[in-house]
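# Summary of structural features
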Amino acid sequence: MELIGTKIQTLRKNKNITQAQLAEVLAVSSQSVSKWENNLSIPDISLLPIIARFLGITMDDLFNYRLDALNYKERFIRFMADNGVLQFGEFRLQSGRLSPYFVNTGKYKSASQITKLGEFYAECMREHNINSNLLAGNTHQEIPIMIATSMTLFNRYGIDISYSIDDSVGKQMDERDKITLIKDTLTSGQTLHANLLAIQKNAGKCVSDVIVSVDRMEKNTTSHGSARYEIEKMHDVKIHSIVTLDDIIHAVENGVIGGTEYLTAIKQYKEEYGVE
């Protein structure tokens, strides 16, 4: 079993946190953190919940943390399934397609859910090294996520990022801003295309990055290319997803969540509407 000091060191480095920063939060010396990470001593038990919270994981994660990137994706998929957001069955999408699975973000209704969701979005920004100074949201579904993400960035990483809602609440966008747009799910790309056009028209400013919770990996409704590729090419923007359809398929296959009875239908749907 990997020693806890080694785990702390790996998590700290993955999040670009220095020993001094961790020590300051815990009100201990940098030498103490160094000793933990070299497995010369262990943290006091009272510090473990604070360490886990600051590093963005649970106590269970701290003691059973797997170092592969899939763990982060698995945790998010499990979070969606546990909260009834990821559903299996038969659903008619806005694009008109009949899907065997659905990401119902309307199920996010509590402060705890939105807080946790903001943590995953912030983690995605950190994972992809998105250096943005402004978060934007322009639909009522995504505004709470945007606020939760900005709060996580500040409380956990010390990043005091500005936010803008329809360029009317919060910071007014200007040509110096590097904007990250918060969205929920990427399907056909029609809604995202309209949102990006609206920001460009109203603010005269292009978005540099977009974060979505789930990329369904589907074709654009007007071409054979992926919705993601077409949007990126058209708007000169980079789209980042917390998870993709492939991640969901793998999670079901590996028993992270239920839904094995829908695997055949999901794979058939991907074959008809999806892209690699």
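See the structure above.
This write-up is about the structure you can find in this document.

Conventions we followed
- Residues numbered from 1 in each chain as written.
- Predicted model: local features only at pLDDT ≥ 70, side-chain atom pairs only at ≥ 80, totals over all residues.
- Heavy atoms only, no water.
- Buried < 20%, exposed > 50% of the residue type's maximum accessible area, 1.4 Å probe, protein only.
- Helix = DSSP H or I, 4+ residues; strand = E, 2+ residues; numbered from the N terminus.
- Arc of directions from axis to C-beta.
- Contact = heavy atoms within 4.5 Å.
- Expected span 1.5 Å × (residues − 1).
- Phe/Tyr/Trp six-rings, centres within 6.5 Å; stacked < 30°, edge-to-face > 60°.
- Lys NZ or Arg CZ within 6 Å of the ring centre and 35° of its normal.
- Salt bridge = Lys/Arg side-chain N within 4 Å of Asp/Glu carboxyl O.
- Pairing = 2+ DSSP bridges.
- Right-handed = clockwise from strand over helix to strand, strands pointing away.

### Let's talk about helix α3 (residues 30-37)
Residues Val33, Trp36 and Glu37 constitute the buried set of α3. Along the axis of α3, the buried residues cluster in a sector spanning 90°; they form a single face. Those residues of α3 that are buried lie in contact with α1 (4-14), α2 (19-26) and α4 (48-55). Backbone geometry just downstream of α3 places Asn39 in the positive-phi region, at approximately 60°.

### Thoughts on helix α8 (residues 143-157)
Compared with an ideal rise of 1.5 Å per residue, which puts 15 residues at 21 Å, α8 spans 21 Å between its outermost C-alpha atoms and is within 8% of the ideal. In this structure, the buried residues of α8 make contact with α4, α7 (111-127), β3 (134-137), β4 (162-165) and β6 (179-182). Following α8 by one or two positions, Gly158 has its phi on the positive side, about 70°.

### Overview of the packing of aromatic side chains
Scanning the model with the defined rule gives 8 aromatic pairs in all. Where Phe88 meets Tyr262, the ring centres are 5.6 Å apart and the plane angle is 15°; that geometry is what we call stacked. In this pair, Phe88 is assigned in strand β1 (residues 86-92) and Tyr262 in the loop between α11 (245-253) and α12 (263-273), connecting sequence segments 174 residues apart. Ring geometry for Phe91 against Phe102: centres 5.4 Å apart, planes inclined by 25°, an arrangement best described as stacked. Of the two residues, Phe91 sits in strand β1 while Phe102 sits in strand β2 (residues 98-103), which places them 11 residues apart along the sequence. Take Phe102: its relative accessible area is 27%, and that puts it in the partly exposed class. Following the ring pairs from residue to residue traces out a cluster consisting of Phe76, Phe79, Tyr108 and Phe120. We note Arg216 situated over the ring of Tyr101; from NZ or CZ to the ring centre the distance is 4.1 Å.

### Some details on the pattern of salt bridges
With the rule as written, the count across this model stands at 14 salt bridges. Between Asp247 and Lys73 there is a salt bridge, with its nearest N and O atoms 4.0 Å apart. Taken as a pair, Asp247 in helix α11 and Lys73 in helix α6 (residues 70-82) lie far apart in primary sequence, 174 residues in all. Assessed through its relative accessible area of 12%, Asp247 is described here as buried.

### A short note on the pairing of β3
Residue alternation in β3 divides its side chains into two sets, Leu134 and Ala136 and Leu135 and Gly137, and both sets are buried. Relative to β4, β3 runs parallel, the two being bridged by 4 bridges. The residue bridging Leu135 from the neighbouring strand is Tyr163, located in β4. As a crossover connection, the stretch from β3 through α8 into β4 is right-handed. Note: β3 against β6, 3 bridges, orientation parallel. Note on β6: the bridge partner recorded for Leu135 is Thr180.

The analysis is restricted to geometry; functional conclusions fall outside its scope.
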